[in-house]
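Listed below, chain by chain, are the residues.
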Amino acid sequence: MARVKKKRQMTTRGRLIILGPICVFLMLWFVYTMFSYTTSLYKLQQQKKQLEAEYLNLQEVADDLKTEITKLQDPEYLAKYAREHYSYSKEGELIIKIHEQQQEIAVQEDSVEWNQKMVRISLAVIGLIFLYIIIRSTKKKKPA
């Protein structure tokens, strides 16, 4: 009777030793895939927002160019435009150009790399927890 019980314990331990790492691997793979899809979805959403903003900006530029085309058809505006941009002048007119310096400050957050690091760290922690649980469950209980 004791032999049968001991044999059953050995077979269940053997199954646990074989199936435990497989289950842990499958769970870690699922978690990693879920996080990678989430980060790629986040990247695509950010790219979509950026492209929509760029599209709106390009529409504004196109509208400005259309109004500029209609303005350039007026001879007085055309003469003024030529004086401003190509240094043409009327008789007795003196041209003085003042150059303005433009400064642009662009700040971009690189949250994609941070997200990837957090996914890797969380997967490592989950893996260590599962490994600890498996090791603890497979340890032999010492008789007192």
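Residues numbered from 1 in each chain as written. Predicted model: local features only at pLDDT ≥ 70, side-chain atom pairs only at ≥ 80, totals over all residues. Heavy atoms only, no water.

A. Quick look at the overall build of the protein chain. When its secondary structure is counted, the protein chain shows three helices and zero strands. Listing every helix and strand of the protein chain by position from the N terminus yields α-α-α. Looking at the protein chain as a whole, 6% of its 144 residues qualify as buried. Sequence separation of 24 or more characterises 59% of the internal contacts of the protein chain that already satisfy a separation of 6 or more. (Helix = DSSP H or I, 4+ residues; strand = E, 2+ residues; numbered from the N terminus. Buried < 20%, exposed > 50% of the residue type's maximum accessible area, 1.4 Å probe, protein only. Contact = heavy atoms within 4.5 Å.)

B. Main features of a nonpolar patch on the surface. Together, Ile 17, Ile 18, Leu 19, Ile 22, Phe 25, Leu 26, Trp 29, Phe 30 and Met 34 make up an exposed nonpolar region whose accessible area comes to about 980 Å². Topologically, Met 34 is positioned in helix α1 (residues 2–72). For Met 34, a relative accessible area of 40% translates into the label partly exposed. (Patch = residues over 30% accessible without salt bridge, like charges linked within 9 Å, V, L, I, M, F, W, Y side chains within 5 Å. Areas by Shrake-Rupley, 256 points an atom, 1.4 Å probe, with all protein chains shown as cover. Salt bridge = Lys/Arg side-chain N within 4 Å of Asp/Glu carboxyl O.)

C. Expanded view of helix α2 (residues 75–86). Compared with the 16 Å implied by 1.5 Å per residue over twelve residues, the 16 Å span of α2 between its first and last C-alpha is a close match. Ser 87 sits one or two positions beyond α2 and adopts a positive phi of about 60°. (Expected span 1.5 Å × (residues − 1).)

D. Spatial organisation of the side chain of Thr 39. You can see Thr 39 is positioned in helix α1. For Thr 39, a relative accessible area of 15% corresponds to the buried category. If we ignore the near neighbours within four places in the chain, the residues touching Thr 39 are Asn 115 and Val 119.

E. Looking closely at the confidence of the model for the protein chain. Model confidence for the protein chain is summarised by a mean pLDDT of 81, while 77% of its residues fall at 70 or above. Taken together, the stretch residues 102–108 has pLDDT below 50 and engages in zero contacts with residues farther than four places along the chain or on a different chain. (pLDDT = per-residue confidence, 0-100.)

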